[in-house]
Amino acid sequence: MEKENFSGTDKLLGEKPVFGLLMKMAVPTMISMFIQSMYNIVDSIFVTRINDNALNAVSLVYPLQNLVLALSVGIGVGLNSCISRALGAKDGKLANSFAMHGVLITLVNAVLFILIGLFATEPFLKLFTDDEQVLAYGVSYGKIVLCFAFFSLIYIGVEKLLQATGNTFFPMIMQGVGAVINIVLDPLLIFGIWIFPEMGVAGAAVATIIGQGVSCLLAVIYFAFRNGGIKLSFRGYRIRGRELGAIFAVGIPSSLMIAMPSVLISIMNAILITVSETAVNFYGIYYKLQTLIYVPASGLVQGMRPIVGYNQGAKKYSRMNATVWWSVLVVGSIIFIGSLVFLFFPAQILALFKANDEMLKIGVPALRIIASGFLISTLGVILSGAFEALGMGVRSLLVTLVRQFVLIPPLAFLLIPAIGLTGAWIAYPVSEVAASALACAFYFAYLRKIKRQNNIPKHARFSEFGY
């Protein structure tokens, strides 16, 4: 490998003070994740002006859009982890090989979503509605956003390549440009303003893919000139099971984790509806509210992964460990502030959603109970992301399963008959405590393994000047 090609990456990820580096990496990814989440929301805001069926159609297509996001981001996380660790180990040839395998996976996924868009959109929508107008709206919107999903797939792939080399600022800019274009084009194409045709719901889809297409084009052009030393070339390229396996070992669990909340919401709605429709409505509000806390946390995790992966590959374990605990401190501070708001101002928060007396009766104690587990969830969130960076996708998945799936539905189902809706809300802090305990057990076991492999005394501490 030509070491000088990656000297900038080494100085950035392997030498700069950890806290400042973490903030430099994390803040753009926080903003980028917020922008990414806005695409469907913006479409929903504008299509509501058509009619309720239009909004219903866009909402029904969202799980398929989320599938694109889950697969692309999940595989991107696997790619990011593998490349950053290879760069840390000064193995440029392996890093380039991982990048080329990422290109191959992206092309396969693009073909997959074209097929899903063409042949699965209508059957999927018919599972949830038989309204002809909703179906017509949903099919036209879904086919466009899915068949042209390759713009989003390529952009996210390039974004993860750039993040692996420590570049998070320009991906944020490119994501932002696409989002602005989407916002501007939505009303023009939906309602036929100025020289644009009136396309209705399909116009929202076209605006989305144009925005994603521009982000994709900018990303490809930027990567061609500023790729951090990563080279993409089919010359001498061979598909290797080792590289594919390493990407999928992190990418598949990560994809499952991204898709998991949708499954949890469906199960919890089925449980809560047996008690109260208002409880279901509150749960929908809560899920939107909690994203205000956890989206910044997820953004910081994205900024943390390349630093952790690179320094593990470089065997700079003190920097790796320091990055993890600085991340816990920063995210814990954000979540602590959010917890205080939920604990002390639940009625005021719900009033923003025009909550009636019944909603307040259910929602105020629910927000306080659920918020009691927010702070401890910091450990589960950060360590789960660290395991992805370290190539331990299964451990990350296990922690997330305990946080969001293994305990919450069963506990809610068992406790509601005994103590009412309070039982459903208690399941959340219980699951956070269990997941954080599991995450800590996994992480400290990994640190002990590092010490054994490097003949480090059992009771020695990782420090900036030591191990």
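Refer to the structure presented above.
A few points on the structure. Note that the structure is predicted; figures quoted are calculated from it, not measured.

1. Details of the overall build of the protein
When you go through the protein residue by residue, the secondary structure sums to 18 helices and zero strands. For 467 residues, the compact-globule formula gives about 23 Å, and the C-alpha radius of gyration of the protein, at 23 Å, lands near that figure. When each of the 467 residues of the protein is scored for burial, the buried share is 55%. Put simply, of all contacts in the protein between residues at least 6 apart along the chain, 80% involve residues at least 24 apart. In the structure as shown, the protein presents an accessible area of about 20,600 Å², 68% of it carried by carbon and sulfur atoms. A distance of 17 Å separates the average location of the 33 positive side-chain charges in the protein from that of its 21 negative side-chain charges.

2. Re the packing of aromatic side chains
By the definition in use, this model includes 17 aromatic pairs. Seen from their ring centres, Phe148 and Phe151 are 6.4 Å apart, and the 20° between their planes marks the pair as stacked. An aromatic cluster is present here, built from Phe148, Phe150 and Phe151 joined pairwise through their rings.

3. A few points about the environment of Glu159
By secondary structure assignment, the location of Glu159 is in helix H7 (residues 150–164). Distance in space between the C-alpha atoms of Glu159 and Phe223 is 9.1 Å, their sequence separation being 64 residues.

4. Looking at the packing of helix H3 (residues 52–88) against helix H10 (residues 241–272)
Put simply, H3 and H10 touch, their axes get as near as 7 Å, and they point 145° apart. The way H3 lies across H10 gives a crossing that is right-handed. On H10, the residues touching Asn66, Leu69, Ala70, Leu71, Val73, Gly74, Ile75, Val77, Gly78, Leu79, Ser81 and Cys82 of H3 are Ala246, Ile247, Phe248, Val250, Gly251, Ser254, Ser255, Ile258, Ala259 and Ser262. When grouped by side-chain class, the residues that make up the contact of H3 with H10 number 14 nonpolar, eight polar and no charged.

5. Examining unusual backbone geometry
Phi angles above zero are rare outside glycine, and Lys90 is one such case at about 60°. Counting through the fold element by element, Lys90 comes out in the loop between H3 and helix H4 (92–119).

6. Section: the nonpolar core
Of all hydrophobic cores here, the largest spans 100 residues; its most connected members are Ile83 and Trp425. At 16 residues, helix H11 (residues 277–313) tops the list of elements feeding residues into this core. What Trp425 contacts, discounting residues up to four positions off in sequence, is Leu272, Phe282, Tyr283, Ile362, Ala366, Ile369 and Ile370. One finds Val42, Leu60, Val139 and Ala149 within the second-largest nonpolar core, a separate group that totals 36 residues.

7. Description of the side chain of Thr323
Here Thr323 is to be found in helix H12 (residues 317–344). Since its relative accessible area comes to 0%, Thr323 is described here as buried. Dropping the residues within four chain positions of it, Thr323 is found in contact with Val18, Leu22, Met304, Ile307 and Val308.

8. Observations regarding helix H8 (residues 169–191)
With 23 residues, H8 should reach 33 Å at 1.5 Å per residue; the first-to-last C-alpha distance of 34 Å fits that figure. Along its length, H8 reaches its greatest deviation from straightness, about 35°, at Leu185, and the proline Pro187 lies no more than four positions downstream. Two residues or fewer past H8, Gly192 is found with a positive phi of approximately 70°.

9. Section: a nonpolar patch on the surface
Together, Phe336, Ile337, Leu340, Val341, Phe344, Phe345 and Leu375 give the surface a local cluster of nonpolar side chains, amounting to about 660 Å² of exposed area. Top element by residues in the nonpolar patch is H12. It accounts for five residues. Mapped onto the fold, Phe344 is located in helix H12. Residue classification places Phe344 among the exposed residues on the basis of a relative accessible area of 56%.

10. Section: the pattern of salt bridges
Counted by the stated rule, this structure contains five salt bridges. Between Arg242 and Glu243 there is a salt bridge, and its shortest N-O distance comes to 3.8 Å. Overall, the relative accessible area of 62% leaves Arg242 in the exposed class. Residue class for Glu243 comes out buried when judged on its relative accessible area of 3%. Two residues, Glu432 and Arg403, come together in a salt bridge whose shortest N-O distance is 2.8 Å. Here Arg403 lies in helix H16 (residues 393–406) and Glu432 lies in helix H18 (residues 422–453), a separation of 29 residues in the sequence.

11. Examining the packing of H12 against H18
At their nearest, the axes of H12 and H18 sit 12 Å apart, and the two run at 170° to each other. One finds that H12 runs roughly antiparallel with respect to H18. Two secondary-structure elements touch here, H12 through Tyr317, Met320, Asn321, Val324 and Trp325 and H18 through Tyr443, Phe444, Tyr446, Leu447 and Ile450. Here the residues of the contact of H12 with H18 are counted per class, giving nine nonpolar, one polar and no charged.

12. A short note on H10
Here H10 contains 32 residues, and its C-alpha end-to-end distance of 45 Å stays within 8% of the 46 Å for a straight helix at 1.5 Å per residue. Ala259 marks where H10 bends most, by close to 35°; the proline Pro261 follows one to four residues later.

13. Structural notes on the environment of Ala26
Structurally, Ala26 can be placed in helix H2 (residues 18–47). Distance from Ala26 to Met304, taken between C-alpha atoms, is 6.8 Å for residues 278 residues apart in sequence. When neighbours within four sequence positions are excluded, Ala26 is seen to be in contact with Gly299, Leu300 and Gly303.

Parameters and conventions
Residues numbered from 1 in each chain as written. Predicted model: local features only at pLDDT ≥ 70, side-chain atom pairs only at ≥ 80, totals over all residues. Heavy atoms only, no water. Helix = DSSP H or I, 4+ residues; strand = E, 2+ residues; numbered from the N terminus. Rg over C-alpha atoms; globule rule 2.2 N^0.38 Å. Buried < 20%, exposed > 50% of the residue type's maximum accessible area, 1.4 Å probe, protein only. Contact = heavy atoms within 4.5 Å. Areas by Shrake-Rupley, 256 points an atom, 1.4 Å probe, with all protein chains shown as cover. Lys, Arg positive; Asp, Glu negative; His and termini not counted. Charge placed at Lys NZ, Arg CZ, Asp CG, Glu CD. Phe/Tyr/Trp six-rings, centres within 6.5 Å; stacked < 30°, edge-to-face > 60°. Axes fitted to C-alpha atoms, helices over the stretch in contact; angles between N-to-C directions. Left-handed = near helix turned anticlockwise from the far one by under 90°. Nonpolar A, V, L, I, M, F, W, Y, C, P; charged D, E, K, R; others polar. Core = buried A, V, L, I, M, F, W, Y, C linked by side-chain atoms within 4.5 Å. Expected span 1.5 Å × (residues − 1). Bend = angle between axes of the 7 residues up to and from the residue. Patch = residues over 30% accessible without salt bridge, like charges linked within 9 Å, V, L, I, M, F, W, Y side chains within 5 Å. Salt bridge = Lys/Arg side-chain N within 4 Å of Asp/Glu carboxyl O. Parallel < 35°, antiparallel > 145°, perpendicular 65-115°, else oblique.

All quantities given are derived from atomic positions and should not be read as evidence of function.
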